[in-house]
Amino acid sequence: MAAAPKRPFRWHIVVFLAPAVLVYTAIMILPLAGTLQLSLFRNIDQVQVFVGFENFRRLFGDPNWSVSFWNALRNNVWFFIIHMLVQNPIGVLLAALLSSPRLRFSAFYRTAIFVPTILSFVIVGFAWKLILSPIWGVAPNLMDLVGLKSLFTPWLGKEEYALTTLSLISVWQFVGIPMMLIYAALLSIPDEVIEAAECDGITGMAQFWKIKLPLILPSIGIISILTFVGNFNAFDLIYTAQGALAGPNYSTDILGTFLYRAFFGFQLQVGDPNMGAAIATMMFLIILGGVCVYLFLVQTRLRRYQF
Amino acid sequence: MTTKLLTALLLGTSILGSAGMAYAQDVTLNIESWRGDDLAIWKDKLIPAFEAKNPGIKVVFAPSAPTEYDAALGAKLAAGSAGDLITCRPFDKSLELFKKGNLADLSALPGMENFSDVAKAAWQTDDGKATFCVPMASVIHGFIYNKDAFDQLGIKVPTTNEEFYAALDKIKADGTYIPMAMGTKDLWEAATMGYQNIGPNYWKGEEGRLALIKGEQKLTDPQWVEPFKELAKWKPYLGDGFEAQTYPDSQNLFTLGRAAIYPAGSWEIGLFNTQAQFKMGAFPPPVPKAGDTCYISDHTDIGMGLNAASKNADAAKTFLTWVASPDFATIYANALPGFFSLNNTPVKMEDPLAQEFVSWRDKCKPTIRSTYQILGRGTPNLENETWVESANVINGTVTPEAAAKKLQDGLDSWYKPAK
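These figures come from a predicted structure and were not determined experimentally.

The rules we used
Residues numbered from 1 in each chain as written. Chains lettered and ligands numbered in written order. Predicted model: local features only at pLDDT ≥ 70, side-chain atom pairs only at ≥ 80, totals over all residues. Helix = DSSP H or I, 4+ residues; strand = E, 2+ residues; numbered from the N terminus. Rg over C-alpha atoms; globule rule 2.2 N^0.38 Å. Contact = placed C-beta atoms within 7 Å. Buried ≥ 20, exposed ≤ 12 C-beta atoms within 10 Å, placed from the backbone. Core = buried A, V, L, I, M, F, W, Y, C linked by C-beta atoms within 7 Å. Domains from an automatic or database assignment. pLDDT = per-residue confidence, 0-100. Nonpolar A, V, L, I, M, F, W, Y, C, P; charged D, E, K, R; others polar. Arc of directions from axis to C-beta. Axes fitted to C-alpha atoms, helices over the stretch in contact; angles between N-to-C directions. Parallel < 35°, antiparallel > 145°, perpendicular 65-115°, else oblique. Left-handed = near helix turned anticlockwise from the far one by under 90°. Pairing = 2+ DSSP bridges.

Q: Looking at this model, I keep getting lost on the overall build of chain B. Mind explaining?
A: Looking only at helices and strands, one finds 18 helices and ten strands in chain B. Here the C-alpha radius of gyration of chain B, 24 Å, is about what a compact globule of 419 residues would show, namely 22 Å. Dimensions along the principal axes, computed over C-alpha positions, put chain B at roughly 90 × 50 × 40 Å. Considering only contacts within chain B whose residues lie at least 6 apart along the sequence, 78% involve residues at least 24 apart.

Right, here's the structure in full:
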């Protein structure tokens, strides 16, 4: 039997893939590998020495590090929970309202709600610090107008409220993103499906729960994973509003701020890039784990509908 | 054609070169600094004063941004392009430069004898044998008060703790003013203007600070817990919502005349003079009992050293000796009220508030902040933890004893005092 004619090597695939692969490798893969490598070394007498998992042993074994780490992780989980419980349901609700054909000025609302998303963290952090300031802020006065002055406390300065307050500020800033994604998903539901539902007598709320919601579930899944990745990488808002020490008493310390202090140091504390890299590696693993759970357990079970 | 051009170029450079020669009679010294704010003072006051006395030496002040200074300086030193004179950060940052051989040993510099051991501590090796920067200025802690408010309420300036709290009670009862302008949001206010401000009276300044470094005292000893207990008593006298009050908030509360007492550092003087519309006075941290020796935090903040690789070391040393002289101190301290010369010779200052601050040096014993020298090195960092715990104590979320224990435990985890 004659050998099959040898197919020419398809160079164009390599050529077309090359730019993306090279750029992605240079700005993503290499730094990531560098971080992982850095976390296995220690600086001893100005020389980088390979120490295996010593940094991780220290991160989890030394109470000076482990207490801060678990505290940051716990806070980060709470930060995520608030986003999942508040930001995403509100996002879905807003999208449902916006897609209602009877709503007037919907373009205006859409823009207004989305605008905070494009604001800088610095502006958002500073503006909310001023709004909530017990001395100059408008919050105490506004609450006084409706007779709720007694409920006002300096939220950003109290251990028990500060993290929740910051989470809600972050929700305020980013609620536009789930809203937009869900809105797009709702608009892409074909009219025939809705009409068929109406013929079957499913209207109003029932229509949303039984027809629309199942159809937008994949989008909600995507939003959840985006929220997860975003929250566990968060840093900016806490840093601008509470500073690198994430006060009061580390109650708003999340993995991002913890990493920052370890890596770059703060005030008299000298930065320790190796421990910082170890924390960054843990963040990477946590996010990787979360994304894998989503990909393999959740996404495969989501039913997709082809129209 | 090309030969002609080349000749012309060569000729040009040789002329320029010889023109340079004419100037090169003068030695030019470059100063590295992070104090861009002081550029005008250096250019208009300090450098002309020096050049008038030392013809033949030209000085150029070349600051970089504070946040970039350490990195930029490190890179320049490594490349050999750093200036002859280097403005020194206190403690470890400069010590590291000295250990690397970037800063020259100045122990024998004429003029060094004008400074006390406390003043030099920030720029000495741990054993105190070598000094590598000339101390330039320090900041003093105390309390600034609204004189009009005190007069109106008939309050005398407090000298003891008892009088201090009596004054605060009176202001609070009257209700016109917030008794004390301080917030815990930024954390460092509580530590720097609280703990380090009143603390030296309890741990007896240098005595306690050095004993702590030697390991003879612990942060859980009564003299170190006592300041926390005092801080815990401050809570009722702070403004509404002080937990979320930031440092600029506190400054504004005081300069707008809404608060009567401001736990301060002397660096505020310049700003407060331009902003406050009322008369201000200052008093040192009150002592526990009448007749006790008073201690003040006179924290060394800025110095100047010599680049070990400088080609003009002799001229640079002349300059440093001048920096160590009372002449320099007088100009500097008057140009920047609140940054006090560390020179032993008393400096005549015009600003009354600055005069008040510096007068405490005569009756009180100076010390520096306890968490800086040697103890400010490790992780968990004592200084940073002191910020957090001081704020906690004032917020009332942690007891003074628990805060002290946390600090000592953190310190024990990395610091083993030499026995």
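Q: Even after reading the chapter, I still don't get the overall build of chain A, so can you show me in this structure?
A: Across its full length, chain A holds 13 helices and four strands. Its C-alpha atoms give chain A a radius of gyration of 25 Å, clearly above 19 Å, the size a compact globule of 307 residues would have. Buried positions account for 28% of the 307 residues belonging to chain A. When contacts within chain A are restricted to residue pairs at least 6 apart in sequence, long-range pairs at least 24 apart make up 66% of them.

Q: How should I be thinking about the nonpolar core in this particular structure?
A: Note that soluble globular proteins tend to have their nonpolar side chains buried in a common cluster. Core analysis: the largest hydrophobic core is formed by 155 residues, its most contacted members being I279 of chain A together with M180, A259, M304, F319 and L320 of chain B. Per element, the largest residue contribution to this core is nine residues, and it comes from strand β4 (residues 133-146) of chain B. For this core, the two domains that each supply at least three residues are domain 1 (2-136 + 301-352) and domain 2 (140-298 + 368-414) of chain B. When residues no more than four places from it in sequence are discounted, the contact partners of M180 of chain B are L168, W234, Y237, L238, A259, I261 and P263 of chain B. If you look at the next biggest cluster of nonpolar residues, it comprises eleven residues, including V92, A95, I182 and A185 of chain A.

Q: Where do I start with the confidence of the model for chain B in this structure?
A: Low-confidence regions, as indicated by low pLDDT, have predicted coordinates that should not be scrutinised in detail. Residue and element names in this part refer to chain B. Residues at a pLDDT of 70 or more form 94% of chain B, whose mean pLDDT is 88. Counting contacts from residues 13-24, a segment whose pLDDT is below 50, to residues more than four positions away or on other chains yields zero contacts. Note on the complex model: pTM 0.84, ipTM 0.84.

Q: Help me understand the environment of P380 of chain B, please; the structure alone is not making it clear to me.
A: If you trace the backbone, P380 of chain B turns up in the loop between β10 (365-367) and α17 (382-395). The spacing of P380 of chain B and S413 of chain B is 33 residues in sequence and 8.2 Å in space, taken between C-alpha atoms. Excluding anything up to four places from it in sequence, P380 of chain B contacts N64 of chain A together with E385 and G410 of chain B.

Q: It is not clear to me how the interface of chain B and chain A should be interpreted in this structure. Could you clarify?
A: Reports of interface size often rely on the accessible area that becomes lost once the parts have come together. Every contact between the two is made by 26 residues of chain B and, on the other side, 21 residues of chain A. Counting only elements with at least two residues in the side of chain B that touches chain A, the list comes to α12 (247-255), α17 and α18 (400-414) of chain B. In terms of residue count, α17 of chain B provides more of the side of chain B that touches chain A than any other element does, seven residues in total. Of the residues in the side of chain B that touches chain A, the class split is seven nonpolar, 13 polar and six charged.

Q: What am I meant to see in helix α5 (residues 121-131) of chain A here?
A: Because each turn of an α-helix spans 3.6 residues, side chains separated by three or four positions in sequence point in the same direction. All names here are of chain A. Inspection of α5 places V124, G125 and W128 among the buried residues, and these make up the whole buried set. Along the long axis of α5, the arc covered by the buried residues comes to 95°, so they all point the same way. Residues of α5 that are buried in the fold lie against α4 (106-118), α7 (159-174) and α11 (236-242).

Q: Looking at this structure, I do not really get the packing of helix α11 (residues 222-234) of chain B against α17 of chain B. What am I missing?
A: Axis angle and axis distance: for two packed helices, these are the angle between their axes and the distance between the axes, and together they describe the pair. Residue and element names in this part refer to chain B. Contact geometry of α11 with α17 gives a least axis separation of 7 Å together with a crossing angle of 50°. The orientation of α11 with respect to α17, classified from their angle, is oblique. The element α11 and its partner α17 pack so that their crossing is right-handed. Facing α11, whose interface residues are F228, L231, A232 and W234, α17 presents S390, V393 and I394. Residue composition of the contact of α11 with α17, grouped by class: six nonpolar, one polar and no charged.

Q: Can you walk me through the domain arrangement of chain B in this structure?
A: Residue and element names in this part refer to chain B. Annotation of chain B at the domain level lists domain 1 (2-136 + 301-352) and domain 2 (140-298 + 368-414). Relative to domain 2, the C-alpha centre of domain 1 lies at a distance of 34 Å. Listed per partner, the contact involves 13 residues of domain 1 and 13 residues of domain 2. In the side of domain 1 that touches domain 2, the residues fall into nine nonpolar, one polar and three charged.

Q: Before we go on, may I ask you to explain the environment of L231 of chain B in this structure?
A: Of note, L231 of chain B is situated in helix α11. Each C-alpha atom, one on L231 of chain B and one on Q124 of chain B, is 32 Å from the other, the two residues being 107 residues apart in sequence.

Q: What should I look at first to understand the packing of helix α3 (residues 63-98) of chain A against helix α8 (residues 176-187) of chain A in this one?
A: Residues and elements named next belong to chain A. α8 packs onto α3 with a crossing angle of 45° between their chain directions and a minimal axis gap of 8 Å. What the angle tells us is that α3 and α8 run oblique. As for the relative orientation of α3 and α8, their crossing is right-handed in sense. In this structure, α3 contributes Q87, N88, G91, V92, L94, A95, A96 and L98 to the contact, and α8 contributes P178, M179, I182, Y183 and L186. Here the residues of the contact of α3 with α8 sort into ten nonpolar, three polar and no charged.

Q: I tried to follow the pairing of β4 of chain B on my own but got confused; where do I start?
A: Two faces belong to every sheet, and in a regular strand the side chains alternate between them. All names here are of chain B. Counting buried positions over the 14 residues of β4 gives 14, a clear majority of the element. Strand direction decides the pairing type here: β4 and strand β8 (residues 295-306), joined by seven bridges, are antiparallel. By the bridge assignment, C133 is partnered in β8 with G305. With two bridges connecting them, β4 and strand β9 (residues 340-341) associate as antiparallel partners. When the sheet's bridge partners are listed, S138 is paired in β9 with F340. Summarising the sheet, β4 and strand β6 (residues 259-265) pair through five bridges and their orientation is antiparallel.

Q: Looking at this structure, how should I read the pairing of strand β1 (residues 41-44) of chain A?
A: All names here are of chain A. Relative to strand β2 (residues 47-50), β1 runs antiparallel, the two sharing four bridges. Of the residues in β2, the one forming a bridge with I44 is V47. Here β1 folds back onto β2 in antiparallel fashion, the turn holding two residues, of which D45 has a positive phi close to 50°.

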